[in-house]
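Here is how the chains run, residue by residue.
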Amino acid sequence: MGNQIVLVDESKHLYKVSRESFISNEVFEKEYEKIFDTCWLYAAHESEFNKSGDFVARTIARRNILITKSNTGEINAFFNTCPHRGATVCRDKSGNAKTFQCFYHGWVFGCDGKLKNQPGSDSYSKEFVEEGYGNLIKVPKIATYAGFIFITFNEDAESLEDYLAGAKEYLDMIASQSPSGMAIVDGSQEYAIRANWKLLVENSVDGYHAVSTHATYLEYLKNTNGSLNSVALNGKSYNLGNGHAVLEYTAPWGRPIASWIPLWGEDGKQKISDIRQELVERLGEETAERIAEKNRNILIFPNLVINDIMALTLRTFYPTSPDYMVVNGWALAPKEESEWARKYRLSNFLEFLGPGGFATPDDVEALESCQNGFKNFKHVPYSDISKGMNRESPSYDDELQMRVFWSQWKERISKGE
Ligand code: FES
Ligand code: FE
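Residues numbered from 1 in each chain as written. Chains lettered and ligands numbered in written order. Predicted model: local features only at pLDDT ≥ 70, side-chain atom pairs only at ≥ 80, totals over all residues. Heavy atoms only, no water.

Undergrad: Explain the packing of helix α5 (residues 197-204) against helix α12 (residues 400-413) residue by residue, including any values.
TA: Across the interface, α5 lies against α12 with an axial gap of 9 Å and an inter-helix angle of 145°. In this structure, α5 uses W197, K198, V201 and E202 to contact α12, whose residues at the interface are M402, F405, W406 and W409. (Axes fitted to C-alpha atoms, helices over the stretch in contact; angles between N-to-C directions. Helix = DSSP H or I, 4+ residues; strand = E, 2+ residues; numbered from the N terminus. Contact = heavy atoms within 4.5 Å.)

Structural data, given as structure tokens:
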């Protein structure tokens, strides 16, 4: 890297990040080594494991991971590769299984990862099974907070609670949206973007771009009678520690938890008022109002984004090269929710947030356009995220949250150098 990665001048309220860090292979490898290989990473949600044998298999930070619920109710994460000669043990994305059989030579594993059976087992020593040489290998650490399951490949990682710092309050707030608990809705969104993953970090907590990038969506809402309230976009951004940040703001669109818009009619008004009433009784007026009226875009370092907006989504994204990332998105919803609320929630999930909706394609275009612009990095070496540095308490559409991310990113990347 020819340039300093992050340039900060407090006296001039300037914060600049090097564009080379979006295109450099050297930085990309360091990001795996110093960030994805050491941080806590979101892996799954507790609601995906209702009974023993429930499993999900997904790619997390370039590893194939299998997460299962054992017969004793424990949730474990394993490397999804056969200890025999390497084949992928579980080739389905999710489901329920009593055992997992490797298709190559037929070894069979229990939901606790232990080798249960191997064709030709008389060719192996007694110790082979007894001492666990044939078991699936566990991911070093797994922990759950408020229903969110995280893993880390770092044996020495701090506790998940310490890592989450101020983000815990926001995860608690999401978990408490319904007395029935929260659950991932079946299915997921998966797509790729030809851009550096940090651009999506920035974009996911960028309150500045909505009016220009998403003009088509806002226009569409304006032209659909009753889709907007006369509430302005207004709010603040907060540093939650350890690279985590949040924007919390009011917005004119409807929220199935629990903010009504005229489009939902009188019947919808009653339904929203019932949801609201339950929140007030259970959590008190102040928290209920915050949950119902405020939108939140939460960033948990390095790459979990929770958008609690007109729907509630979780999103992770991993780079496969400096200029390419794979994104996964899930909808989270109250376990028990009326058909009415679920319908609006899911249509919002698709309409605004989905890869074929009104927002994501515009964001993808913006991110790919930035990545393209970075080709000029030798002549235009820095991007600017100074907005709001001159304020005590930055607004939701300032860039504090990006500076929070980049400061943590820089600290981790430069550790030991
Ligand atoms: Fe799995 Fe041989 S590689 S049984
Ligand atoms: Fe956007």
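Undergrad: Which residues make up the sheet that holds strand β7 (residues 94-96), and what values go with them?
TA: The strands that make up a sheet pair up through hydrogen bonds in the backbone, lying either parallel or antiparallel. Overall, antiparallel pairing links the 4 strands, which are arranged β6-β5-β4-β7 in an open sheet. One side of each edge strand has no neighbouring strand; the edge strands of this open sheet are β6 (75-79) and β7. Within this sheet the neighbouring strands show an average axis-to-axis angle of 20°, counted without direction. (Pairing = 2+ DSSP bridges.)

Undergrad: Give a detailed account of the pairing of strand β20 (residues 324-334), specifying residues and quantitative values.
TA: Burial analysis of β20 places 9 of its 11 residues in the buried class, which makes it a mostly covered element. Relative to β20, strand β13 (residues 182-184) runs antiparallel, the two sharing 3 bridges. Opposite A183, over in β20, you have A333 as the bridge partner. Where strand β19 (residues 312-321) and β20 come together, 8 bridges link them in antiparallel fashion. Within β20, the residue paired with P319 across the bridge is M325. The antiparallel hairpin formed by β19 and β20 contains 2 residues in its connecting segment. (Buried < 20%, exposed > 50% of the residue type's maximum accessible area, 1.4 Å probe, protein only.)

Undergrad: Run through the coordination of the iron ion (ligand 2), naming residues and quoting values.
TA: Taken together, the protein donors to the iron ion (ligand 2) comprise H209 (NE2), H214 (NE2), D363 (OD) and D363 (OD), at separations of 2.1 to 2.3 Å. Its 4 donor atoms give the iron ion (ligand 2) angles of 56 to 141° at the centre, a pattern that matches the irregular case. Here the donor residues of the iron ion (ligand 2) share one chain and are spaced in sequence as H-x4-H-x148-D. H214 carries the same exposure label as H209, and that label is buried. (Donors = N, O, S within 2.8 Å, 3.2 Å for Na, K, Ca; no water. Tetrahedral: all angles 85-135°; square planar, octahedral: opposite > 155°, others 65-115°.)

Undergrad: For empty space enclosed by the protein, give the residues involved together with the corresponding values.
TA: Taken as a whole and judged by the stated rule, the model has 3 cavities of 30 Å³ or more. Reported here for the largest cavity is a volume of approximately 350 Å³. Taken together, 28 residues form the lining of the largest cavity, with H209, H214, N297, I309 and F352 sitting closest to its centre. Mapped onto the lining of the largest cavity, the elements with two or more residues apiece are β14 (189-193), α5, α7 (215-223), β16 (244-250), α10 (339-353) and α11 (360-373). Among the elements that take part in the lining of the largest cavity, α11 stands out by supplying 4 residues, more than any other. Of the residues belonging to the lining of the largest cavity, the class tally is 17 nonpolar, 8 polar and 3 charged. Size it by volume and the second largest cavity reaches roughly 60 Å³. A total of 4 residues in the lining of the second largest cavity trace back to one element, the largest contributor, which is β20. Partitioning the lining of the second largest cavity into residue classes produces 6 nonpolar, 4 polar and 1 charged. (1 Å grid on protein atoms, 1.4 Å probe; cavity = no way out; pocket = protein on both sides within 12 Å on 5 of 7 lines; lining within 4 Å. Points joined across faces, edges and corners; volume = space filled by probe spheres on them. Nonpolar A, V, L, I, M, F, W, Y, C, P; charged D, E, K, R; others polar.)

Undergrad: How would you summarise the pairing of β16 if you had to cite specific residues and measurements?
TA: Burial of β16 is extensive: 6 of the 7 residues sit out of reach of the surface. Of the strand pairs in this sheet, strand β15 (residues 234-241) and β16 are connected by 7 bridges, and their pairing is antiparallel. Residue K236 lies in a different strand from β16, and its bridge partner there is E248. A loop of 2 residues connects β15 with β16, the two strands running antiparallel in sequence, and N242 in this loop sits at a positive phi of about 55°.

Undergrad: For the sheet that holds strand β1 (residues 6-9), give the residues involved together with the corresponding values.
TA: Pairing within the open sheet is antiparallel, and its 3 strands lie in the order β1-β2-β21. Of all strands in the sheet, those with a lone pairing partner are β1 and β21 (382-384), marking the two edges. For this sheet the average axis-to-axis angle between neighbouring strands, irrespective of direction, equals 25°. In the sheet, strand β2 (residues 14-18) pairs with β21 via 3 bridges, with the strands oriented antiparallel. In the sheet register, S18 faces β21, and the bridge partner there is Y382. Of the strands in this sheet, β1 and β2 touch α12, which is tilted by about 55° from β2.

Undergrad: Can you break down the packing of helix α1 (residues 25-36) against α12 residue by residue, with the values?
TA: For the pair α1 and α12, interaxial distance at closest approach is 9 Å and the crossing angle is 90°. Taken together, the axes of α1 and α12 are roughly perpendicular relative to one another. Mapping the contact onto sequence places V27, K30, E31, K34 and I35 in α1 and W409, R412 and I413 in α12. Class assignment of the residues belonging to the contact of α1 with α12 gives a composition of 4 nonpolar, no polar and 4 charged. (Parallel < 35°, antiparallel > 145°, perpendicular 65-115°, else oblique.)

Undergrad: Before we move on, could you go through the layout of surface pockets and cite the residues and values that matter?
TA: Within this model, the largest pocket holds a volume of roughly 870 Å³. For the largest pocket, the lining is made up of 40 residues, of which V56, A57, R58, K93 and W330 are closest to its centre. Mapped by element, the contributors of at least two residues to the lining of the largest pocket are β3 (41-45), β4 (54-60), β5 (63-69), β7, β13, β19 and β20. The leading source of residues in the lining of the largest pocket is β4, at 7 residues. Looking at the lining of the largest pocket residue by residue, the classes come out as 17 nonpolar, 13 polar and 10 charged.

Undergrad: So what's going on with the packing of aromatic side chains? Which residues, and what values?
TA: Tallied over the full model, the rule gives 28 aromatic pairs. Three or more aromatic residues link up through ring pairs in this structure, and these residues are F22, F28, Y32, F36, W197, F301, Y318, F374, F405, W406 and W409. Positioned above the aromatic ring of F103, the side-chain terminus of R91 is 3.7 Å from the ring centre. (Phe/Tyr/Trp six-rings, centres within 6.5 Å; stacked < 30°, edge-to-face > 60°. Lys NZ or Arg CZ within 6 Å of the ring centre and 35° of its normal.)

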